[in-house]
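Listed below are the residues making up each chain.
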Amino acid sequence: MKTMSNERALREEMVAICRRMNSSGINQGTAGNLSVRSGDGFLITPSSLPYDTMTPDDIVEMGFDGTYVGRRPSSEWRFHRDILKERGDMNVVLHCHSVYATTLACHHKTIPSFHYMTGVAGGTTIRCAEYATFGTQALSDNALAALKDRKACLLGQHGQISLGTNMEGALWLAIEVETLSRIYVQALTLGEPPVLSDEEMGRVIDQMKRMSYGLGPEAEGSNDVARPRKA
């Protein structure tokens, strides 16, 4: 994964994304945090600063050795550092306390493949990490385990984490995880919903990968495919 460049532009986009986290309803107050790979380290939101007063200069520069320049970094800097260090395929870590995802996290419920869109997180489930005190190495370790082969997870009795190659992608995924969480909570009022098979979810995830590469959902060799009309 290529390192993202243009630090000033990244800082400005981080502020904008944080404000959209709150305006979209997936976060409240000063909760949540955001980090982006930059240079030999990463940029991360500062601790306890309201997003509506945050400026690009408030964003904190950190190294993977835990050193930082500027304001005190988010208390969750450990899992941001460890995820970015472990996951070279991702550039962005977004953490928020969205209501329905947190509702499920309070019950330590993993989101099963009750709906095909569960596959957007990269697998047949969206796991819930074991609980650990916020800001600790134990929480980081638990998050890494829940994110194995995944792009999103819930944090037990805490919130959710979504990853992305860019900030727009991470925000989109966080909103999608919250939407799935809301549907799952509502579906549970009628009883535990049926779950799609691993075989079907494999097909779904393959379709999603094809579409992310700009290809149609139809498998190669299909005769009935959408195609441009000839003049």
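In this text the structure is predicted, and so the values were computed from the model without any measurement.

**Re the overall build of the protein**
Next, step 1: Check the secondary structure of the protein and you find 6 helices and 8 strands.
Next, step 2: If one aligns the C-alpha atoms of the protein with their principal axes, the spans along those axes are about 60 × 50 × 30 Å.
Next, step 3: In the protein, which comprises 231 residues, the share counted as buried stands at 47%.
Next, step 4: Expressed as a percentage of contacts within the protein between residues at least 6 apart in sequence, the contacts between residues at least 24 apart total 65%.
Next, step 5: When the accessible surface of the protein is totalled, it reaches about 11700 Å², and 51% of it is carbon and sulfur.

**Some words on the pairing of strand β7 (residues 152-155)**
Next, step 1: Of the two faces of β7, the one carrying Ala152 and Leu154 and the one carrying Cys153 and Leu155 are both buried.
Next, step 2: Inspection of the sheet shows strand β6 (residues 128-129) paired to β7 by 2 bridges, in the parallel sense. In the sheet register, Cys128 faces β7, and the bridge partner there is Leu154.
Next, step 3: Handedness of the crossover joining β6 and β7 through helix α4 (residues 137-146) is recorded here as right-handed.
Next, step 4: Sheet topology note: the β7/strand β8 (residues 159-164) ladder contains 4 bridges and is antiparallel.

**Some thoughts on the packing of aromatic side chains**
Next, step 1: Tallied over the full model, the rule gives 2 aromatic pairs.
Next, step 2: Both rings, one in Phe42 and one in Phe64, keep their centres 5.4 Å apart while their planes meet at 45 degrees; by these two values the pair is tilted. Of this pair, Phe42 sits in strand β2 (residues 41-44) while Phe64 sits in the loop between β3 (60-63) and β4 (68-69), and the two are 22 residues apart along the sequence.
Next, step 3: On the basis of relative accessible area, Phe64 is assigned to the partly exposed category, the value being 24%.
Next, step 4: Ring plane angle 35 degrees and centroid distance 4.9 Å describe the contact between Phe114 and Tyr184, whose orientation is recorded as tilted. Of this pair, Phe114 sits in the loop between α3 (99-106) and β6 while Tyr184 sits in helix α5 (residues 167-188), and the two are 70 residues apart along the sequence. This pair shows no difference in class: Phe114 is buried, exactly as Tyr184 is.

**Regarding the packing of helix α2 (residues 77-86) against α4**
For any two helices packed against each other, one specifies the inter-axial angle together with the distance between the axes.
Next, step 1: In contact at an axis separation of 8 Å, α2 and α4 are set at 35 degrees when each is read in the N-to-C sense. Judged by the twist between their axes, the crossing of α2 over α4 is right-handed. Within the contact between the two elements, α2 uses Arg78, Phe79, Arg81, Asp82, Ile83 and Glu86 and α4 uses Gln137, Leu139, Ser140 and Leu144.
Next, step 2: Classifying every residue of the contact of α2 with α4 by side-chain character gives 4 nonpolar, 2 polar and 4 charged.

**Considerations on the sheet that holds β6**
Next, step 1: An order of β4-β3-β2-β1-β5-β8-β7-β6 is seen for the 8 strands of this open sheet, with the pairing classed as mixed. Edge strands, defined here as strands with exactly one partner in the open sheet, are β4 and β6.
Next, step 2: Note: β2 against β3, 4 bridges, orientation antiparallel. Across the sheet, Phe42 pairs through a bridge with Met62, a residue of β3.
Next, step 3: Packing against the sheet, α3 makes contact with β6, β7 and β8, and its axis sits at approximately 60 degrees to β7.
Next, step 4: Of the strands in this sheet, β1 (33-38), β5 (92-96), β7 and β8 touch α5, which is tilted by about 145 degrees from β8.

**Structural notes on the nonpolar core**
Here is a general trend for soluble globular proteins: nonpolar side chains tend to be buried in one another's company.
Next, step 1: With 21 residues, the main nonpolar core has Met14, Met21, Leu34, Leu94 and Met167 as its most contacted residues.
Next, step 2: With 6 residues, helix α1 (residues 7-23) is the single largest residue contributor to this core.
Next, step 3: Discounting chain neighbours no more than four positions away, the residues touching Met14 are Leu34, Ser35, Val36, Leu43, Ile44, Thr45, Ile59 and Met167.
Next, step 4: Residues Phe42, Val93, Leu147 and Ile161 belong to the second largest nonpolar core, which totals 20 residues.

**Examining α1**
Each full turn of the α-helix corresponds to 3.6 residues, which orients residues three or four apart in the same direction.
Next, step 1: With 17 residues, α1 extends 24 Å from end C-alpha to end C-alpha; this agrees with the ideal 24 Å at 1.5 Å per step.
Next, step 2: Three or more residues of α1 are buried, namely Leu10, Arg11, Met14, Val15, Ile17, Cys18 and Met21. Buried residues of α1 fall within an arc of 165 degrees about the axis and therefore sit on the same side.
Next, step 3: Looking at the buried side of α1, the elements it contacts are β1, β2, β3, β5 and α5.
Next, step 4: The first or second residue beyond α1 is Gly25, which carries a positive phi of 90 degrees.

Scoring rules and cut-offs
Residues numbered from 1 in each chain as written. Predicted model: local features only at pLDDT ≥ 70, side-chain atom pairs only at ≥ 80, totals over all residues. Heavy atoms only, no water. Helix = DSSP H or I, 4+ residues; strand = E, 2+ residues; numbered from the N terminus. Buried < 20%, exposed > 50% of the residue type's maximum accessible area, 1.4 Å probe, protein only. Contact = heavy atoms within 4.5 Å. Areas by Shrake-Rupley, 256 points an atom, 1.4 Å probe, with all protein chains shown as cover. Pairing = 2+ DSSP bridges. Right-handed = clockwise from strand over helix to strand, strands pointing away. Phe/Tyr/Trp six-rings, centres within 6.5 Å; stacked < 30°, edge-to-face > 60°. Axes fitted to C-alpha atoms, helices over the stretch in contact; angles between N-to-C directions. Left-handed = near helix turned anticlockwise from the far one by under 90°. Nonpolar A, V, L, I, M, F, W, Y, C, P; charged D, E, K, R; others polar. Core = buried A, V, L, I, M, F, W, Y, C linked by side-chain atoms within 4.5 Å. Expected span 1.5 Å × (residues − 1). Arc of directions from axis to C-beta.

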